[in-house]
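# Geometric and topological summary
The residues making up each chain are set out below.
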Amino acid sequence: MRKKFLFFNLLIFSLIFSLEIKVLDTPNDAGNSLTILITKPMDVDYYQIYRKEEGKDFILIGKLTREERCFIDDKVVRNKTYSYQVIGIKDTLKFSSNIGYGIPKAQFFNTARINVLVGIIVFSFLILYFIKKARKGEKLFIRRISGLDAVEEAVGRATEMGKPILFVPGIGSVADIATIAALNILGEVAKKAAQYDTTLLVPNRDVLVYTVAYEVVKEAYSNVGRPDAFKEGNIFYITDSQFAYTAAVDGIMVREKPATNFFLGTFYAESLILAETGAATGAIQIAGTDMVPQLPFFIVACDYTLIGEELYAASAYLSREPLLLGSLKGQDYGKLIILFILLISSLLLLLSNFPTFSIFSKIIEFFNVS
Amino acid sequence: MQRSLPLGLCFIMGILMIIQFFSPHPISQQFFDTIIKWIRIISAFALVLGVRSISLRHIEAVKRRKSGFVYSIFTLLALVITAVLGLVFGIGPKAPIRTIFNNILVPLGATMFSILAFYMASAAYRAFRARTFEATLLLISAFIVMLGMVPIGNWISPHFPAIAEWILSVPNMAAKRGILFGVALGVIATSLKIILGIERGWLGGRR
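Residues numbered from 1 in each chain as written. Chains lettered and ligands numbered in written order. Predicted model: local features only at pLDDT ≥ 70, side-chain atom pairs only at ≥ 80, totals over all residues.

### Observations regarding the overall build of chain A
To keep things clear, this is the line we draw: Going along the chain from the N terminus, every DSSP run of H or I of four or more residues is numbered as a helix, and every run of E of two or more is numbered as a strand. Put simply, the radius of gyration uses C-alpha atoms, and a globule should come to 2.2 Å times the residue count raised to 0.38. With C-beta atoms placed from the backbone, a residue is buried if 20 or more other C-beta atoms are within 10 Å of its own, exposed if 12 or fewer are, and partly exposed between those counts.
Assigned secondary structure in chain A consists of 11 helices and 14 strands. In terms of overall dimensions, chain A is more spread out than a globule: its C-alpha atoms have a radius of gyration of 31 Å, far above the 21 Å expected for 370 residues. Projected onto the principal axes, the alpha-carbon positions of chain A cover approximately 110 × 45 × 35 Å. The burial tally for chain A puts 43% of its 370 residues in the buried class.

### Structural notes on the overall build of chain B
A count of helices and strands for chain B gives 8 helices and 0 strands. Secondary structure elements of chain B, listed N to C terminal, follow the sequence α-α-α-α-α-α-α-α. At 26 Å, chain B has a C-alpha radius of gyration far larger than the 17 Å of a compact globule built from 207 residues. For chain B, the spread of C-alpha atoms along the three principal axes comes to 65 × 50 × 40 Å.

### Overview of unusual backbone geometry
Residues and elements named next belong to chain A. Its identity as a non-glycine residue notwithstanding, asparagine 79 has a phi of 65 degrees, on the positive side. Topologically, asparagine 79 is positioned in the loop between β5 (70-73) and β6 (82-90). For asparagine 79, a count of 10 C-beta atoms within 10 Å gives the class exposed. Although it is not a glycine, aspartate 91 sits at a positive phi angle of roughly 50 degrees. Locating aspartate 91 in the fold gives a position in the loop between β6 and β7 (93-96). Look at aspartate 91 and you get exposed, because 7 C-beta atoms sit within 10 Å.

### Some points on the interface of chain A and chain B
Cut-off, in case you're wondering: In this description, any two residues whose backbone-derived C-beta atoms lie within 7 Å of each other are considered to be in contact. Each residue gets one of three labels, nonpolar for Ala, Val, Leu, Ile, Met, Phe, Trp, Tyr, Cys and Pro, charged for Asp, Glu, Lys and Arg, and polar for the others, Gly among them.
Counting from both sides, the interface comprises 68 residues of chain A and, opposite them, 56 residues of chain B. The dominant element in the side of chain A that touches chain B, judged by the number of residues it contributes, is helix α5 (residues 207-223) of chain A, at 11 residues. Across the side of chain A that touches chain B, the residue classes tally to 38 nonpolar, 19 polar and 11 charged.

### Some thoughts on the sheet that holds strand β14 (residues 304-307) of chain A
Residue and element names in this part refer to chain A. Which entries qualify depends on this criterion: When DSSP finds two or more bridges between a pair of strands, those strands are recorded as paired. In this description, a line fitted to the C-alpha atoms serves as the axis of each element, helices being fitted only across the stretch in contact, and the angle between N-to-C directions of two axes falls anywhere from 0 to 180 degrees.
Here we have 6 strands laid out as an open sheet, ordered β11-β10-β9-β12-β13-β14, and parallel in their pairing. Edge positions in the sheet fall to β11 (235-237) and β14, since each has one partner strand and no second. Sheet twist, expressed as the average angle between the axes of neighbouring strands with direction ignored, equals 15 degrees. Strand direction decides the pairing type here: strand β9 (residues 165-168) and strand β10 (residues 200-204), joined by 2 bridges, are parallel. In the sheet register, isoleucine 165 faces β10, and the bridge partner there is leucine 200. In the packing of α5 onto the sheet, contacts are made with β10 and β11, and the angle to β10 comes to roughly 160 degrees. Each of β9, β10 and β12 (260-264) touches helix α6 (residues 242-256); the most contacted strand, β10, lies at about 160 degrees to it.

### Quick notes on helix α9 (residues 309-319) of chain A
Since there are 3.6 residues in each turn of an α-helix, residues three or four apart along the chain are aligned in direction. All names here are of chain A. Within α9, 11 of the 11 residues are buried, leaving the element largely enclosed by the surrounding structure. The complete set of buried residues in α9 reads Glu309, Glu310, Leu311, Tyr312, Ala313, Ala314, Ser315, Ala316, Tyr317, Leu318 and Ser319. Where α9 terminates, the next one or two residues include arginine 320, which has phi positive at roughly 60 degrees.

### Comments concerning the domain arrangement of chain B
By a widespread convention, an interface's size corresponds to the accessible area lost as its parts come together. Stated formally: Domain boundaries shown here were taken from an automatic or database domain assignment.
As assigned here, chain B comprises domain 1 (1-88) and domain 2 (90-127). Placing the centre of domain 1 of chain B and that of domain 2 of chain B at their C-alpha centroids yields a distance of 23 Å.

### Some thoughts on the sheet that holds β5(A)
All names here are of chain A. Spatially, 3 strands are ordered β1-β2-β5 in an open sheet, and the strand pairing comes out antiparallel. Two strands bound the open sheet, and with one partner strand each, they are β1 (20-25) and β5. Across the sheet, the axes of successive neighbouring strands diverge by a mean angle of 25 degrees, strand direction being ignored. Across 4 bridges, strand β2 (residues 34-40) lies against β5 in antiparallel orientation. From the neighbouring strand, threonine 35 faces β5, where its bridge partner is isoleucine 72.

### Let's talk about the nonpolar core
All names here are of chain A. For clarity, the threshold we go by: Joined through C-beta atoms within 7 Å, a set of buried Ala, Val, Leu, Ile, Met, Phe, Trp, Tyr and Cys residues constitutes a nonpolar core.
The biggest cluster of nonpolar side chains holds 98 residues, and the ones touching the most others in it are Phe167, Leu186, Val189, Ala190, Ala213, Val217 and Ala275. Per-element tally for this core: the top contributor is helix α4 (residues 177-196), with 12 residues. Not counting the four nearest positions on each side in its chain, leucine 186 is found in contact with Phe167, Pro169, Val202, Ala213, Val216 and Val217. Counting residues in hydrophobic clusters, the runner-up holds 14 residues, among them Leu19, Ile21, Val23 and Phe71.

### Here we look at the packing of helix α3 (residues 146-161) of chain A against α4(A)
All names here are of chain A. Note the threshold: Crossings are sorted by hand: turned counterclockwise from the far helix by less than a right angle, the near helix makes the crossing left-handed, and turned clockwise it makes it right-handed.
Closest axis-to-axis distance for the α3/α4 pair is 10 Å, and the angle between their directions is 35 degrees. The chirality of how α3 crosses α4 is right-handed. On the side of α3, the interface is formed by Val151, Glu152, Val155, Gly156 and Thr159, while α4 contributes Val189, Lys192, Ala193 and Tyr196. Tallied by class, the residues present in the contact of α3 with α4 amount to 5 nonpolar, 2 polar and 2 charged.

### Re helix α3 (residues 69-89) of chain B
Heads up, the rule is: Take the residue count of a helix, subtract one, and multiply by 1.5 Å to get its expected span.
Given a rise of 1.5 Å per residue, 21 residues ought to cover 30 Å, and the 30 Å separating the end C-alpha atoms of α3(B) matches this to within 8%. The positive-phi residue at the C-terminal boundary of α3(B) is Gly90(B), with phi of around 75 degrees.

### What to know about the packing of helix α2 (residues 114-135) of chain A against helix α10 (residues 322-352) of chain A
Residue and element names in this part refer to chain A. Going by this rule: Our angle categories are set so that under 35 degrees counts as roughly parallel, over 145 as roughly antiparallel, 65 to 115 as roughly perpendicular, and the remainder as oblique.
Contact geometry for α2 and α10: axes closest at 7 Å, N-to-C directions at 140 degrees. Viewed along their axes, α2 and α10 adopt a mutual orientation that is oblique. Two packed elements cross with a definite hand, and for α2 against α10 that hand is right-handed. In this structure, α2 uses Val122, Phe123, Leu126, Ile127, Tyr129, Phe130, Ile131, Lys133, Ala134 and Arg135 to contact α10, whose residues at the interface are Pro322, Leu323, Leu325, Gly326, Ser327, Lys329, Gly330, Tyr333, Gly334 and Ile337. For the contact of α2 with α10, a count of residues per class yields 13 nonpolar, 4 polar and 3 charged.

Structure follows, in structure tokens:
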């Protein structure tokens, strides 16, 4: 009986100390979480995670299934010490782990984004290099973009027909780069409209976009020596409600019958409603967006569509400024690098399936973006 | 000064926002939150300009009896009524402005959204006219994908859902990712040009 009791005690003792945990400061965060790792798991049903603050008792903060090994406690305060214990539960038995300690600390640099930093540096270097080349007067070949070649024709058509041009800068905010790209194109379109003395209507959904668009058009008219032709009321704010804005722009298209419609910027569900209404009025339509789901709608309903990056290239393409054209060349080389990386990574991924080349999976991990 | 001040501000803020992206530290997060607050404050001021713009445009339309000026009267009335109701009764859950929002604006928005279904049909008709080789390819792949997504497709042949899935996840995804790569590079290039003051279109020109 005594032997049996001793054996049972020894068994419990060994089980108690077979569950081990480690408490780590979660990397790359603002110091608001700790990671509890089960380094030596046990055959249990589930785990209970307990936390203790200085001067307080242990409290249950979460559970892990028998397969899970990591728990992130994001209810902690930076620079405070916490103790953790994990209890493994199997039927009615409880197995305690060692007590782990941790202090959540904030990091200044997110090391998980090193790959992004490297990418930005390489890409920026390429752009600046080609801008420098363009500054020296070197001629750079830029492929034709039919949608942008058609801008001149579209403005000319409106002039001939004596009808206005409608420019919709999307429904994005001024913080969207696509909206800024659209505003850059607006400047070029406004210059042409001013030269041809054609009415340019710019309805806006965002107040900040409205104020910027207003200044862009006003400045464009001044730049071509036609400040007198600028009409304040033609650049206007409508509403920030998505479909109310769509209805208003549709109304403008139906009533004013613009000869040319530009839909450039960020678009969502309203893209097809706008483009189809414009097509029904018989206007020549040039659209451009970086919103991939909206591109098919523009392609079927518009005469020309700037797909993704073409929207960003438009300003340089239209202005033909060497400095801006240089950046386009940099973009092209950036794509070449991406293509090269894709090919190499695909090859490495295939090879990493073989145990001998499993090291390659570590290299591929570098390209994961967090 | 009129040009160099915005350019200088743009450069400083651009660089700070890049640093912020790479730093998870609370100071960095606090800076980001402050910037978001500033944007809200600036938007609130800009809204005054927006209201002025919409009012002037519609008053002008009514004065000149432009085509559809009746809509301008409605717009101006709606602007005044909602503003007065909002200022007098507030924006609480039982405020009249909520009634207007829930019973007028929401159904009108839903109506506009539902029109999309009809426009999709007309756009699909135009896209699927097999006039060229590409349009024929589009027609065939769309036909397979549509069949693969509905129960009848599976009933005709169990291969339809699998082929539809393959079209969506392989050729379609490849094209989509290709576009996204271009977009990402375009965004970086445009941002860089703006931060460095090479692209000044947003300032109204390049003088």
